[in-house]
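Observations on chain architecture
Each chain is listed here by its residues.
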Amino acid sequence: MEAKSSNRNRCSFWLPKKKRSCANSRIDSSVFCGNHSQRLEGEWIPCPIDPSHSVLQENLEGHVKRCPLLKQTVALSGQSFYQKGINAGQEEEDKKMGSCSVVTSEMKRDLLYSMSVSKFLQLIKKIDDVHGGICKDIEDSYLSPEACNIWFNKEIDRKIPFQEKHVLQQGSILGNLEKFGVLKKCNENVGCCESNVEEKEDNSVSAVVEFGAGRGYLTQMLADCYGINKVYLVERKSYKLKADRSLRQKENLVLERMRIDIEDLNLNAVESLHGVPYVAVGKHLCGPATDLSLRCCLSRQDGESPVLRGLAIATCCHHLCQWKSYINKEYILSLGISKDEFHIMTSFTSWAVDDDHGSNVPGVDDIDLLVSNAKEEEEGEVKDDSLSSVEEGVKKMKPMERAVLGFKCKQIIDAGRMKWVKNHGLDSKLVKYIPASISPENTLLVAG
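Going by an unreviewed UniProt entry, the chain carries the name tRNA:m(4)X modification enzyme TRM13 and comes from Camelina sativa. For the chain, the Sequence similarities (unreviewed entry) comment in UniProt is given as "Belongs to the methyltransferase TRM13 family." Entered under Function (unreviewed entry) in the UniProt record, the comment concerning the chain runs "tRNA methylase which 2'-O-methylates cytidine(4) in tRNA(Pro) and tRNA(Gly)(GCC), and adenosine(4) in tRNA(His)."

1. Quick look at the overall build of the chain
Helices and strands together make up the secondary structure of the chain, namely 16 helices and 12 strands. Across the 448 residues of the chain, 50% fall into the buried class. Partitioning the intrachain contacts of the chain with sequence separation of at least 6 by distance along the chain shows that 69% fall at a separation of at least 24. Of the roughly 22100 Å² of accessible surface on the chain, 47% is carried by carbon and sulfur atoms.

2. Re helix α7 (residues 164–179)
Its 16 residues place the ends of α7 22 Å apart at the C-alpha level, agreeing with the 22 Å of an ideal helix rising 1.5 Å per residue. Restricting attention to buried positions, one finds in α7 the residues V167, Q169, Q170, G171, S172, I173, L174, G175, N176 and L177. One or two positions beyond α7, positive phi appears at G181, with a value near 85 degrees.

3. Comments concerning the pattern of salt bridges
Going through the model one piece at a time under the given rule, you end up with 15 salt bridges. The closest approach of N and O atoms between K408 and D128, which form a salt bridge, is 2.9 Å. With K408 in helix α16 (residues 399–423) and D128 in helix α5 (residues 117–134), the pair connects residues that are 280 residues apart, well separated along the chain. Judged by its relative accessible area of 31%, D128 falls in the partly exposed class. Two residues, D224 and K250, come together in a salt bridge whose shortest N-O distance is 2.8 Å. With D224 in helix α9 (residues 217–226) and K250 in the loop between α10 (242–248) and β8 (254–258), the pair connects residues that are 26 residues apart, well separated along the chain. Each member of the pair, D224 as well as K250, is classed as buried. One network of salt bridges, with partners in common, ties together E139, K179 and K429.

4. A short note on unusual backbone geometry
Unusually for a residue other than glycine, K154 sits at a positive phi of about 65 degrees. With respect to the element layout, K154 can be found in the loop between α6 (149–152) and α7.

5. Overview of the side chain of N442
With respect to the secondary-structure elements, N442 resides in the loop between β11 (428–432) and β12 (443–447). Accessibility expressed as a relative area gives 6% for N442, which makes it buried. Apart from the residues lying within four places of it in its own chain, the contact partners of N442 are V431, K432, Y433, I434, P435 and A436.

6. Regarding the pairing of strand β6 (residues 207–211)
Two faces, one strand: in a regular strand the side chains alternate between the faces of the sheet. In terms of burial, β6 is largely enclosed, as five of its five residues are buried. By the bridge criterion, five bridges tie β6 to strand β7 (residues 230–234) in an arrangement that is parallel. Each bridged residue has a counterpart across the sheet, and for A207 the counterpart in β7 is K230. With α9 bridging β6 and the parallel β7, this β-α-β connection has right-handed handedness. In this structure, β6 lies alongside strand β9 (residues 277–286), joined through four bridges in parallel fashion. Its bridge partner being in β9, E210 is matched across the sheet by V281.

7. Some thoughts on the nonpolar core
What tends to happen in soluble globular proteins is that the nonpolar side chains get buried as a cluster. Residues F211, L311 and F348 are the most contacted members of the largest nonpolar core, which totals 66 residues. Per-element accounting of this core gives the leading share, eight residues, to α16. Sequence-distant contacts of F211, that is, excluding residues within four places in its chain, are made with V234, I262, L265, L267, A280, V281, G282, L285, S293, C296 and C297. Core analysis: the next-biggest nonpolar cluster, separate from the first, contains 37 residues, L177, V205, Y217 and C225 among them.

8. Side note on the pairing of β11
Among the five residues of β11, four are classified as buried, and the element is accordingly described as predominantly covered. Looking at chain direction, strand β5 (residues 139–140) and β11 are connected through two bridges and run parallel. Opposite D140, over in β11, you have K432 as the bridge partner. With five bridges joining them, β11 and β12 adopt antiparallel strand pairing. Note on β12: the bridge partner recorded for K429 is V446.

The rules behind each value
Residues numbered from 1 in each chain as written. Predicted model: local features only at pLDDT ≥ 70, side-chain atom pairs only at ≥ 80, totals over all residues. Heavy atoms only, no water. UniProt positions renumbered as here; feature names shortened; annotations may be inferred. Helix = DSSP H or I, 4+ residues; strand = E, 2+ residues; numbered from the N terminus. Buried < 20%, exposed > 50% of the residue type's maximum accessible area, 1.4 Å probe, protein only. Contact = heavy atoms within 4.5 Å. Areas by Shrake-Rupley, 256 points an atom, 1.4 Å probe, with all protein chains shown as cover. Expected span 1.5 Å × (residues − 1). Salt bridge = Lys/Arg side-chain N within 4 Å of Asp/Glu carboxyl O. Pairing = 2+ DSSP bridges. Right-handed = clockwise from strand over helix to strand, strands pointing away. Core = buried A, V, L, I, M, F, W, Y, C linked by side-chain atoms within 4.5 Å.

In structure tokens:
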């Protein structure tokens, strides 16, 4: 039986919408598969209107006139809050990855497999040591706030889809904001909040900005249960807007949906938010979107800025994180972790949610339990003198070892974000807001 081809033999064509490389095997004398070999080879370039997709060089002139995103881009350019790349982060001068600012999954694998075995083992030890020193206090905080009972009891608009696992996650996010003192529940009912908006305390929140809002159901729950009267939904994609329709039916509620990439959003230029106390939320903000959102909220505050009272962001997809956009490079460097090692760590994070270990440890809710299970497998520990290459070392690692390493890298990345928020004047912490049996991506950055 022919052995399965390794990742290094896969096609190098990058699929922007799927955020990964093509999974097909390369053909002879090419780094691409049969589908992409004749189409690439220097002929394809990023679309100048939106680089998330590519176009053949020979078709560029015609494409820019009919690109599906042209109308949206033209409309955005006239908006005061649109500022291209304002939250993108800074690229350092020396670019080891060439002119490309996005380090793809394949590039990260190549960085990993090009390491010497001793450097690989040193990196794993460094990750263990760093994690043991900074990630001890991530507590469980699975909350079901009383204010959200109308959702938990399904006493909501029947036109809004109800999925229990999402409702539990949304409720716990809002419960942690309430526990942090950012949100305040009504004494009687939501109606009292909506009717007495002008009488709210000076330190209360009257607006919400949801990043990566999707269909807007997290904000829908927030408005239903806490009486928020200004809603800003930030999302670059187009969705069926069921929550929007329901929100617009509320009295005294102003809704603004901004179809824009978080990278390009100047929140200070949203005139209706000037001087308004608000809370920022995001449920599963993939990879660099968390860093872009933090930079959007906290980097440029002045007398006319919106007033950030607190935030709650459920992080996920750390394997997509990029050095350019990461919010706390100084902190990572202070830990002795280089740019290349950071990118390798982001690739390790995919192992944390790999299904390989799920069947062995059903309902794992704690990294300590993963660690204890991994210690039972120490007889398989990788030794320097037993390896001929890093790729061999990765293959020899048990699924449990990979899962532990992945979780540790995710928490180190999130710890840097938490410390950056603290440095910008907000009390902040990391919690596990939902059991891993509901979602393995269960870390919440909460601040107020």
